Amino acid sequence: MEVLYQLLLGSMLVLLAFASGQGRNEQIVLRAMQVVALALGLRCLVHYLQLDPTAMAGAWWTTALVLLLLCLFTGATVFSSGWRGWLELRLQAGDAAFRSASPRHVTALVLMPVVVACTLVLSAESGSPGNPFDLDVVFMSMLLLLLFTFLGVGFPLRRTWQQACERLNLLVPAPRALLLAVGVGILLVSLVSVLWLLWVLVTWPMYAENDGSLVNPGLATAVLSAAMTALGEETMFRGLLQPVFGVALTSVCFALLHVRPGSEIAFLPVLGVSLTLGWLRWRHGTVAAIVAHFCYNLTLGLTSAWYGAQA
């Protein structure tokens, strides 16, 4: 099932990247992709409902409800022009560039919740989070994110490298903005750590026994993992998606992708982090968001290593 999800999603993302959405044939292909994506989302929901609730690390019904809402959102986006028009008004009110008449925008909007749904199901099925310090896995994941991101903005077919970087806002900000980004990243860790410590107090010792993040990666590994993750995720979410779908919708998608079994409560602080990074991107560009995300990941990773050594 995991291989099928990945092949279908990967194929659709590649097709979306190369489709302009202008020709009649391309519009038909994109419309077909939307229907296939909806079917895949529904398949994720059905597959999840067939899993054993007693084997779940967290509450079974919370993920089921999220999957149902994602499918309803996807179905409305595919079949309701009124819903797409309402979304366009709401998103453009927040300075997003989403156009309901654009087949590419609509297809990308349909794929977003389906990617989230597939990730949630696979995470629930595996029952354990991935190792954030496995550099081979992190490198390949971030490489794929960057590949889809640059293909998505039309490089090298519709845009040159310089034009693609300008579209993604990968421009070096002022030194003052970089200092602000460093400060924001460290401040976010402080705020999230308070919530994390409260969560540990409630769930201890179960948390300490099962949390795979309590490992000591070493400084070099922590730096490389933080840098690759920040570069890949911020380039896609804040550089590619946010200008089209806005801060709020992009942040919800980002937060849901970081939810893992047994830690559903983490959705709220991660959403807050994403909203802050989104604000930083609007004010000072994608590079500032990358720097803040890097500082956040690195500080959090080193803190996690310290707690792992103490546990």
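Draft legend 1. Fine view of the overall build of the protein. Scanning the protein for helices and strands turns up twelve helices and zero strands. Element order for the protein, N to C, with α for helix and β for strand: α-α-α-α-α-α-α-α-α-α-α-α. Here the protein holds 311 residues, and 46% of them are scored as buried. Long-range pairs, those at least 24 residues apart, make up 74% of the contacts in the protein with a sequence separation of at least 6.

Draft legend 2. Fine view of the nonpolar core. In this structure, Met12, Tyr48, Leu67, Phe98 and Phe245 are the most contacted members of the largest nonpolar core, which totals 58 residues. With 13 residues, helix 5 (residues 103–126) is the single largest residue contributor to this core. For Leu67, the residues in contact, after removing those within four places along its chain, are Cys44, Leu45, Tyr48, Ala117, Leu120 and Val121. Ranked by size, the runner-up nonpolar core spans eleven residues in total, among them Leu188, Val192, Leu280 and Ala288.

Draft legend 3. How the structure looks around a nonpolar patch on the surface. On the surface, Trp61, Leu65, Leu68, Leu69 and Leu72 cluster together into a nonpolar patch covering about 520 Å² of accessible area. Relative to the helices and strands, Leu72 is located in helix 3 (residues 60–79).

Draft legend 4. How the structure looks around helix 11 (residues 267–284). In this model helix 11 runs 25 Å from its N-terminal to its C-terminal C-alpha over 18 residues, within 8% of the 26 Å that 1.5 Å per residue would give. Listed in full, the buried residues belonging to helix 11 are Phe267, Pro269, Val270, Leu271, Val273, Ser274, Leu277, Gly278, Leu280 and Arg281.

Draft legend 5. Broad picture of helix 6 (residues 135–152). The end-to-end C-alpha distance of helix 6, which contains 18 residues, comes to 25 Å, matching closely the 26 Å that a straight helix rising 1.5 Å per residue would cover. Along helix 6, the residues that are buried comprise Val138, Met142, Leu145, Phe148, Thr149, Phe150 and Leu151. Downstream of helix 6 by a residue or two, Gly154 has a phi angle that is positive, lying close to 95°.

Draft legend 6. Structural context of the side chain of Thr250. Considering the arrangement of structural elements, one finds Thr250 in helix 10 (residues 219–257). The class for Thr250 is buried, based on a relative accessible area of 0%. Within the structure, Thr250 has its side chain in polar contact with the backbone oxygen of Gly246 (distance 2.7 Å). The residues touching Thr250, leaving out its near neighbours within four places in the chain, are Phe237, Leu241, Gln242 and Phe245.

What counts as what
Residues numbered from 1 in each chain as written. Predicted model: local features only at pLDDT ≥ 70, side-chain atom pairs only at ≥ 80, totals over all residues. Heavy atoms only, no water. Helix = DSSP H or I, 4+ residues; strand = E, 2+ residues; numbered from the N terminus. Buried < 20%, exposed > 50% of the residue type's maximum accessible area, 1.4 Å probe, protein only. Contact = heavy atoms within 4.5 Å. Core = buried A, V, L, I, M, F, W, Y, C linked by side-chain atoms within 4.5 Å. Patch = residues over 30% accessible without salt bridge, like charges linked within 9 Å, V, L, I, M, F, W, Y side chains within 5 Å. Areas by Shrake-Rupley, 256 points an atom, 1.4 Å probe, with all protein chains shown as cover. Salt bridge = Lys/Arg side-chain N within 4 Å of Asp/Glu carboxyl O. Expected span 1.5 Å × (residues − 1). Polar contact = N/O pair within 3.5 Å; in protein donor to acceptor, adjacent residues only side chain to side chain.

This is a description of form; function is not addressed.
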